[in-house]
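# Observations on chain architecture
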Amino acid sequence: MGVVTAVSRSEEYTFTKPVRESITLLAGLGVEGDVHQGVTVKHRSRVAQDPTQPNLRQVHLMHEELLDELRGKGFAVEPGQIGENVTTRGVDLLGLPTGTRLHLGPEAVVEVTGLRNPCVQIDRFSSGLLKEVVFKGPDGELVRRAGIMSIVLAGGVVRPGDEIRVELPAQPHRPLEKV
């Protein structure tokens, strides 16, 4: 089992989301009071393409182990600063298959929809950070490590210290792709 280490939200389009004592997840919508909350896409680039697309990016999760690694490479990065809503420890988020359900605390459940596809805003936050979270692997495939995206199946309050229970989908598992 993993644990929630921090929760964040922002009412405005900001790259960094302030850390909060708790966030409330709303079924089918996302994080209450977050600019990305909604049934349809709210990320500006997605809205520009087609504002009627379903919002598969309601909740952004990031593993704190990545933040530890980045700090070890000289990047001053803390929870919420790369735009995530839920920072975790002890769950291999990037290794989960599409459709995995994450039970966050006693009530909230999110379903993993795919990988975050980070943009140049990461380099505006800290020069050189983008190449640490998106790069070509040894086989030439693009590797995305900037967290995962999910939708809210069951609402509830999520706080630091809440346990995370992983519920894998039925086989065959589908690997995560960018959303």
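Let us look at the structure shown here. The shown structure was predicted, so the numbers you read here are calculated from the model rather than taken from an experiment.

Conventions we followed
Residues numbered from 1 in each chain as written. Predicted model: local features only at pLDDT ≥ 70, side-chain atom pairs only at ≥ 80, totals over all residues. Heavy atoms only, no water. Helix = DSSP H or I, 4+ residues; strand = E, 2+ residues; numbered from the N terminus. Buried < 20%, exposed > 50% of the residue type's maximum accessible area, 1.4 Å probe, protein only. Contact = heavy atoms within 4.5 Å. Phe/Tyr/Trp six-rings, centres within 6.5 Å; stacked < 30°, edge-to-face > 60°. Pairing = 2+ DSSP bridges. Right-handed = clockwise from strand over helix to strand, strands pointing away. Arc of directions from axis to C-beta.

### What about the environment of Leu104?
Tracing the chain through its elements places Leu104 in strand E7 (residues 101-104). For Leu104, a relative accessible area of 0% corresponds to the buried category. For the pair Leu104 and Arg159, spaced 55 residues apart in sequence, the C-alpha to C-alpha distance is 8.6 Å. Setting aside anything within four residues of it in sequence, one finds Leu104 in contact with Val4, Leu25, Val110, Val158, Glu163 and Ile164.

### Some points on the packing of aromatic side chains
Using the criterion set out here, one finds one aromatic pair in the structure. Ring geometry for Phe15 against Phe125: centres 5.9 Å apart, planes inclined by 40 degrees, an arrangement best described as tilted. One end of the pair, Phe15, is in the loop between strand E1 (2-8) and strand E2 (19-20); the other, Phe125, is in helix H3 (residues 121-125), with 110 residues separating them in the sequence. Residue class for Phe15 comes out buried when judged on its relative accessible area of 16%.

### Focus on unusual backbone geometry
Backbone torsion omega between Gln171 and Pro172 reads -5 degrees, so that peptide bond is classified as cis. With respect to the element layout, Pro172 can be found in the segment after strand E13 (163-167).

### Quick word on the pairing of strand E5 (residues 59-63)
With respect to burial, E5 is a largely interior element, five of its five residues being buried. On E5, burial covers both faces: Val59, Leu61 and His63 on one face and His60 and Met62 on the other are all buried. Across three bridges, the pairing between E5 and strand E11 (residues 148-154) is antiparallel. Counterpart to Val59 in the pairing with E11 is Ser150. In terms of strand pairing, E5 meets strand E6 (residues 86-89) through three bridges, oriented parallel. Among the inter-strand pairings, His63 is bridged to a residue of E6, identified as Thr88. Handedness of the β-α-β unit built from E5, helix H2 (residues 64-72) and E6 comes out right-handed.

### Let's talk about the sheet that holds strand E4 (residues 30-31)
Spatially, the three strands line up as an open sheet ordered E4-E3-E12, and their pairing is antiparallel. Two strands in the sheet have a free side with no partner beyond their single neighbour: E4 and strand E12 (156-158). Pairing analysis gives three bridges linking strand E3 (residues 23-26) to E12, with the strands arranged antiparallel. Across the sheet, Thr24 pairs through a bridge with Val157, a residue of E12.

### Remarks on H2
Listed in full, the buried residues belonging to H2 are Glu64, Leu66, Leu67 and Leu70. Within H2, the buried residues cover an arc of 150 degrees as seen down the axis, which keeps them to one side. Lining the buried residues of H2 we find E1, E5, E6 and helix H4 (130-133). Just downstream of H2 lies Gly74, where phi reads positive at about 95 degrees.

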